[in-house]
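The chain contents come next:
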Amino acid sequence: MVVKRYFYIQQLSFFLCGIDSKATKPEHVVTRPVLCYVPLLFAICHVVAIIHYAFVNRNDYVEVTDSLALSCQSLLAIWKMIIFLCKRMSFIEMIREVQLGNLKAARLELPMIRSENTRDVKFCTIYFTVVSIAAILAFSNPIIEAVYIYVSTGELVLRVPYKASYFWSHTKIPGYSLVYFWNMLSIYNLFGITMAIDTLFTWLVSNISAQFHILCFRFKDTANAFDVKTSGNGYESLKFMKSIKSCIKYHNETLKLAEKLNQVYGEIIFIKFIISCTEICCLVFRLSRPSESLAVAAYQGLFLVTVAMQLILYCYNGQRIRDESLQVAPEIYFAFDWSQLPKSCKNLLLIPIMRSQKESQLKGVFFVVDLTLYLWVFKTAGSLIAALKTLDENRV
């Protein structure tokens, strides 16, 4: 085990979705179809009901923004699951490849893997806690509010967790129970998929970053092993060249792994950032208006924090991949004494230096994911909020 709770949250999240993250065949990935497909089906129906509700109340901006924030997040979770199921073996193969790479690491390289995974465990634990609290508040708020009003006034007021067109009366307990159960399944689907796909992403990026650190360490170790006095020895020279070639091979494997990350997450990231602007806009606009209760306002604020965390999760890790890949060239340059190196070795080292001058980019199909994109999302959301407020004021 590399570190305590290594890959634990990721494995737990996939388990909640009925998926085995250690499967070796496509048919073995979904081990519990009921946990996987039933909540997903209810979530799809819930999104349709929410969109219908927003359309019916399209002239009331408060009602529309109240319902669209959840529909955006649910739609994103559904998209994540669809992409995962379509690319299930690509995801599983990446997990297996990273884990095998960690097992093959030398003793002196383990601290680099341990450091990256310790950081990942801390972030995933915080993220898991925040998302869990948001999920618990989502379905507990209506019950707490109903109990409080009933104890205070003796009147039974049943508020649904999320406003949608449920097509049957839910003012009485039997009808409300069905609505509540539907909402719980949607929230369960949203929680499980969000945690599984997002924490897997951070874990993959952390271990790819660790591989870049190991690569730099191996180049430095190779440089330190070079001895000018024995460089004329045929055996020692051949051994030195073999060591450089091994480092170049490892560099190629790391770059390919970063490219695979792009291939499996590209569509997810694209939809994520397209939807996030609308989602943030709806949440901020709703928070700026008088809320039904303090509990609802607290939940909406926590929801906004969760969305912001999701964005920084992708943007920060996209920036990390870029920075780590660019760092290889200067590390190689400063590690070797170029005045003493044979010409053949210099020519060989130029290959990884030239390759690392073009950074590995995490792309959302049409755009590069980095910290600049994070600022762009909030600027765009700010413009949408201003436009929405203007429309609302003109309507009044």
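What counts and how
- Residues numbered from 1 in each chain as written.
- Predicted model: local features only at pLDDT ≥ 70, side-chain atom pairs only at ≥ 80, totals over all residues.
- Heavy atoms only, no water.
- Helix = DSSP H or I, 4+ residues; strand = E, 2+ residues; numbered from the N terminus.
- Buried < 20%, exposed > 50% of the residue type's maximum accessible area, 1.4 Å probe, protein only.
- Contact = heavy atoms within 4.5 Å.
- Areas by Shrake-Rupley, 256 points an atom, 1.4 Å probe, with all protein chains shown as cover.
- Lys, Arg positive; Asp, Glu negative; His and termini not counted.
- Charge placed at Lys NZ, Arg CZ, Asp CG, Glu CD.
- Expected span 1.5 Å × (residues − 1).
- Core = buried A, V, L, I, M, F, W, Y, C linked by side-chain atoms within 4.5 Å.
- Polar contact = N/O pair within 3.5 Å; in protein donor to acceptor, adjacent residues only side chain to side chain.
- Phe/Tyr/Trp six-rings, centres within 6.5 Å; stacked < 30°, edge-to-face > 60°.

### Overview of the overall build of the protein
- Helix and strand content of the protein: 11 helices and 0 strands.
- Counting from the amino terminus, the protein carries its helices and strands in the arrangement α-α-α-α-α-α-α-α-α-α-α.
- Referenced to the eigenvectors of the C-alpha coordinate spread, the extents of the protein come out at roughly 95 × 45 × 35 Å.
- Across the 396 residues that make up the protein, the buried fraction comes to 51%.
- Partitioning the intrachain contacts of the protein with sequence separation of at least 6 by distance along the chain shows that 80% fall at a separation of at least 24.
- A total accessible area of about 19,200 Å² is found for the protein, and carbon and sulfur atoms account for 65% of it.
- Distance from the positive charge centre (40 side chains) to the negative charge centre (29 side chains) of the protein: 5 Å.

### Some thoughts on helix H6 (residues 173-225)
- Between the first and last C-alpha of H6 there are 76 Å, a value that for 53 residues agrees with the 78 Å anticipated at 1.5 Å per step.
- Burial runs high along H6: 39 of the 53 residues are buried.

### Some details on the environment of phenylalanine 201
- On the secondary structure map, phenylalanine 201 appears in helix H6.
- Phenylalanine 201 sits in the buried class, given a relative accessible area of 0%.
- In sequence terms phenylalanine 201 and phenylalanine 123 are 78 residues apart; their C-alpha atoms lie 12 Å from each other.
- With sequence-adjacent residues up to four places away left out, phenylalanine 201 is seen in contact with Leu261, Tyr265, Ile269, Leu313, Tyr314, Asn317 and Leu362.

### Some details on the nonpolar core
- Among the nonpolar cores identified, the biggest contains 119 residues, and Tyr265, Phe273 and Tyr314 are the most heavily contacted of them.
- Examining the composition of this core, we find that 24 residues originate from one element, H6, more than from any other.
- Those residues in contact with phenylalanine 273, other than ones at most four positions away along the chain, are Leu311, Tyr314, Cys315, Phe367, Val369, Leu373 and Val377.
- Among the nonpolar cores identified, the runner-up in size contains 5 residues, and Tyr61, Phe285, Ile385 and Leu388 belong to it.

### Regarding the side chain of arginine 320
- Within the fold, arginine 320 resides in helix H8 (residues 294-326).
- Among residues more than four places away in sequence, those in contact with arginine 320 are Glu116, Arg119, Ser206 and Ser209.

### Quick notes on the environment of tryptophan 79
- Of note, tryptophan 79 is situated in helix H3 (residues 61-86).
- Given the relative accessible area of 30%, tryptophan 79 is considered partly exposed.
- C-alpha separation for the pair tryptophan 79 and isoleucine 268, spaced 189 residues apart in sequence, amounts to 7.1 Å.
- Discounting chain neighbours no more than four positions away, the residues touching tryptophan 79 are Glu267, Ile268 and Ile271.
- A distance of 3.1 Å separates a polar side-chain atom of tryptophan 79 from the backbone oxygen of glutamate 267.

### Quick notes on the packing of aromatic side chains
- Enumeration according to the criterion identifies 22 aromatic pairs in this entry.
- Judged by centre distance (6.4 Å) and plane angle (55°), the rings of tyrosine 166 and tryptophan 168 are tilted.
- Since its relative accessible area comes to 35%, tryptophan 168 is described here as partly exposed.
- Look at phenylalanine 336 and tryptophan 338: their rings are 6.4 Å apart centre to centre, the planes differ by 65°, and that puts the pair in the edge-to-face class. Across this residue pair, the class does not change: phenylalanine 336 and tryptophan 338 are buried.
- One aromatic cluster is present, formed by Phe14, Phe84, Phe91, Phe201, Tyr265 and Tyr314 through successive ring pairs.

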